[in-house]
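Structural overview
Residues per chain, in single letters:
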Amino acid sequence: MTQGPEQTITDTIRELITRRGDTPPEITHESKIGPDLDLDSLELAELSAALEDELGSDPYSQGIIPATVGELVAFYA
Amino acid sequence: MLIDVLRTTAAEHPERQAIIAAGRTITYAELVSAAGSIAGGLHARGIVAVGCAVQDPVDVVSVLAAASAAGVEACVYPRGLDAEATATLAQRLGHETVLVDRGRSGGLTLDALAGSADDELPAPAASTVLILTTGTTGTPKGVRHDWARLLRAVRRNPDKAAGRWLLAYNINQFAAFQVLLHGLVNGATIVVPSSTHARDAIDAMFEHRVTSVSATPTFWRMLLGVLAAEPRELALEQITLGGEAAPASVIDRLRAAFPAAGISHIYAGTEFGSVVSVRDGLSGLPVSILDRDESADTHFKVVDGELHVRSRNAMLGYQGQDAAAGDGWHATGDLVEERDGRLHFVGRTVEIINVGGAKIHPLPLEELIASVPGVAAAVVYGRPNAITGQIVAADVVLDDGADGDAVLAGVRAACADQPAAGRPRRIRIVEALEVRGNKTVRTALEAKP
């Protein structure tokens, strides 16, 4: 069974944060990708590539920069 | 001229096999005779330049030797072109005559061409050959070489047994010319495998007791992989790496697998010829090559990290352009860094990965990843990215039985000390690396879901 876009998004963000040595905060639709999750441009670049690989497309490649996790999830709705 | 090389060996060893190819062998005496007949036909028809689309390696070498005897500029076309692609290439290169295999249309067959003997042929004043670049960065270019210059750069080993040499390159590639010339000048037998794939090469090496093989590091990596799964006794005495930077990891693995063989790596380019042979078993080039005096045939300098070469044995020029102008220096496109008295290759200018302005070289990262337990081979390349322009991506081939998750964690740990922009952001486990002409392809790949 394949997981939905939301699960893929939160898993990927958690992995990015864990890899830099931080403990991932609770990730909700309201989480702000910049201020709350503190993803830098390289981590965002990796997130966009991961979403493209896992979900077949990503908002960043289409010029859309979601501010929150909810907006990111909504891109796949 | 190539024909003179063949005649010299044929005079001493007429019955020695010059070429062993799938289903067909030819001795030096027979090769001289076949070339003479083709040369007569080229001369009689007044041909000055010819495209060679024949596929049989014995025929290809016969045509090359014949053309060199008749002062005709031959060009070996890439293998397996269809009639339309052949015609397009012939038009672009200005070839009115293309030689094709028996039963093929769109050109002249060797049967139709051959006939008169060569004994009335005047010796040509000069003889050139056109060699196509592999064209990994665009349309292949025709590179014009002088046979005499090419042969002057060939090392002669009169004290060594002639041996049997594998042709692990496609016969249209410059590297194949190097193998052919080195082998034939030294009276060796050239063994042509049914394909340049490692498995077919191993079969040919085993069956014909090949002693010398010159091939790309990518080829050697694949050969070691096949041998690890299916061991064979190979009688290798000389191993040569060329066509790509020779990583220490591959040299070390070859030394372990073939302890009795000599190992060298050569630095060469279609435009400037074969210019360095390194035999000390270390990767990179000795930095002393930068200090050669004026009597040397080749000189080197580093400009903005890029290796430049000037050689007396270089090409005459590109086809369709005036003879090479300027001061003779050729920018190689190879980036080097000096470390421990060596010039280490870090990548090609076209392979630099630009991550948000940070320039990342792929080769040191590949060496780092290849050192992780469980990794059989790795390639590092730039992947287009909307946010940083490119990100570093890596494809990894696992050793048999290696655990993918453990290897991925190992690769990430090995790269953790790299600057953030230089860490691979996407790592794929793949069955095999993408290869073209037995060289690893490092251009940005499209993401595969």
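Residues numbered from 1 in each chain as written. Chains lettered and ligands numbered in written order. Predicted model: local features only at pLDDT ≥ 70, side-chain atom pairs only at ≥ 80, totals over all residues.

1. Considering the overall build of chain A
For chain A, the count of helices and strands is three helices and zero strands. Each helix and strand of chain A, ordered N terminal to C terminal, gives the series α-α-α. With respect to the principal axes defined by its C-alpha atoms, chain A has extents near 30 × 30 × 20 Å. In chain A, which comprises 77 residues, the proportion classed as buried is 26%. (Helix = DSSP H or I, 4+ residues; strand = E, 2+ residues; numbered from the N terminus. Buried ≥ 20, exposed ≤ 12 C-beta atoms within 10 Å, placed from the backbone.)

2. Remarks on the sheet that holds strand S20 (residues 342-348) of chain B
Residues and elements named next belong to chain B. If you walk across this open sheet you meet the five strands as S15-S20-S19-S17-S16, and the pairing is antiparallel. Looking along the sheet, the strands with just one partner apiece sit at the ends: strand S15 (285-286) and strand S16 (298-303). Note: S16 against strand S17 (residues 306-311), six bridges, orientation antiparallel. Bridging from a neighbouring strand, valine 302 pairs with leucine 307 of S17. (Pairing = 2+ DSSP bridges.)

3. With respect to the sheet that holds strand S5 (residues 97-100) of chain B
Strand pairing in a sheet relies on backbone hydrogen bonds, with the paired strands running either antiparallel or parallel. Residues and elements named next belong to chain B. In spatial order, the strands read S6-S5-S3-S4-S7-S8-S18; together these seven strands make up an open sheet with mixed pairing. Each edge of the open sheet is held by one strand with a lone partner, namely strand S6 (108-109) and strand S18 (317-318). Bridge count for strand S8 (residues 142-146) against S18 is two bridges, and the pairing is antiparallel. Bridge pairing in S18 links valine 143 to tyrosine 318. The strands that helix H4 (residues 83-93) touches are strand S3 (49-52), strand S4 (73-76), S5, strand S7 (128-132) and S8; relative to S3, the one it contacts most, it runs at about 155 degrees. (Contact = placed C-beta atoms within 7 Å. Axes fitted to C-alpha atoms, helices over the stretch in contact; angles between N-to-C directions.)

4. Details of the UniProt feature "domain: AMP-binding enzyme C-terminal" (unreviewed entry) in chain B
UniProt records the feature "domain: AMP-binding enzyme C-terminal" (unreviewed entry) for residues 365-434 of chain B in the present numbering. In residues 365-434 of chain B, helix accounts for 26% and strand for 36%; the two terminal C-alpha atoms are 17 Å from one another. (UniProt positions renumbered as here; feature names shortened; annotations may be inferred.)

5. Notes on the confidence of the model for chain B
Residues and elements named next belong to chain B. Averaged over every residue, the pLDDT of chain B is 90; the share at 70 or more is 95%. The least confident element of chain B, judged by mean pLDDT, is strand S26 (residues 435-436) at 81; the most confident is strand S10 (residues 189-191) at 97. Of the two predicted TM-score estimates for the complex, the pTM is 0.85 and the ipTM is 0.92. (pLDDT = per-residue confidence, 0-100.)

6. Description of the pairing of strand S23 (residues 375-385) of chain B
Residue and element names in this part refer to chain B. For S23, a buried count of nine out of eleven residues is recorded, marking the element as mostly surrounded by other parts of the structure. Where S23 and strand S24 (residues 389-398) come together, ten bridges link them in antiparallel fashion. Residue arginine 383 lies in a different strand from S24, and its bridge partner there is isoleucine 391. Between S23 and S24, which pair antiparallel and follow one another directly, the connecting turn spans three residues.

7. Comments concerning the interface of chain A and chain B
Taken together, the contacts link twelve residues of chain A with 13 residues of chain B. Here the residues of the side of chain A that touches chain B are counted per class, giving five nonpolar, four polar and three charged. (Nonpolar A, V, L, I, M, F, W, Y, C, P; charged D, E, K, R; others polar.)

8. Here we look at the nonpolar core
In this structure, Leu6(B), Ala35(B), Cys52(B) and Leu167(B) are the most contacted members of the largest nonpolar core, which totals 106 residues. For Cys52(B), the residues in contact, after removing those within four places along its chain, are Val60(B), Val63(B), Ala74(B), Cys75(B), Val76(B), Tyr77(B) and Leu99(B). Counting 38 residues, the second-largest nonpolar core is a separate cluster that includes Val69(A), Val380(B), Ala393(B) and Cys415(B). (Core = buried A, V, L, I, M, F, W, Y, C linked by C-beta atoms within 7 Å.)

9. Examining unusual backbone geometry
The backbone phi angle of Asp38(A) is positive, close to 60 degrees, even though this residue is not glycine. Mapped onto the fold, Asp38(A) is located in the loop between helix H1 (5-19) and helix H2 (41-55). The phi dihedral of Asp340(B) is positive, around 55 degrees, even though this residue is not glycine. If you trace the backbone, Asp340(B) turns up in the loop between strand S19 (330-339) and S20.

10. So, the pairing of strand S1 (residues 17-21) of chain B
All names here are of chain B. Of all five residues making up S1, four are buried, and the element is well covered by its neighbours. Between the antiparallel neighbours S1 and strand S2 (residues 24-27) lie two residues, among them glycine 23 with a positive phi of about 75 degrees. Alignment of S1 against S10, held across two bridges, turns out to be parallel. Opposite isoleucine 19, over in S10, you have isoleucine 190 as the bridge partner.

11. Notes on the packing of helix H9 (residues 217-229) of chain B against helix H10 (residues 248-257) of chain B
All names here are of chain B. Contact pair H9 / H10: the axes reach a minimum separation of 10 Å and the direction vectors enclose 40 degrees. Considered as vectors, H9 and H10 are oriented oblique to each other. In the packing of H9 onto H10, the handedness of the crossing is left-handed. In this structure, H9 contributes Pro217, Trp220, Arg221, Leu224 and Leu227 to the contact, and H10 contributes Val250, Arg253, Leu254 and Ala257. Grouping the constituent residues of the contact of H9 with H10 by class yields seven nonpolar, no polar and two charged. (Parallel < 35°, antiparallel > 145°, perpendicular 65-115°, else oblique. Left-handed = near helix turned anticlockwise from the far one by under 90°.)

12. What to know about H1(A)
Residues and elements named next belong to chain A. Taking 1.5 Å of rise per residue, the 15 residues of H1 would be expected to cover 21 Å, and the 21 Å separating its terminal C-alpha atoms lies within 8% of that figure. Listed as buried for H1 are Ile9, Thr12, Ile13 and Leu16. Angularly, the buried residues of H1 cover 95 degrees about the axis, an arc narrow enough to put them on a single face. Turned more than 90 degrees away from the buried face of H1, the exposed residues are Gln7 and Thr18. Along its buried surface, H1 packs onto H2 and helix H3 (69-75). (Expected span 1.5 Å × (residues − 1). Arc of directions from axis to C-beta.)

13. Some thoughts on the domain arrangement of chain B
Many analyses report the size of an interface as the accessible area lost when the parts associate. Residue and element names in this part refer to chain B. Partitioning chain B into structural domains gives domain 1 (2-336) and domain 2 (352-445). Each of domain 1 and domain 2 was reduced to a C-alpha centroid, and the two centroids are 32 Å apart. Contacts between the two partners involve 20 residues from domain 1 and, on the opposite side, 14 residues from domain 2. Every element with two or more residues in the side of domain 1 that touches domain 2 is listed here: H9 and H10. Partitioning the side of domain 1 that touches domain 2 into residue classes produces eight nonpolar, ten polar and two charged. (Domains from an automatic or database assignment.)

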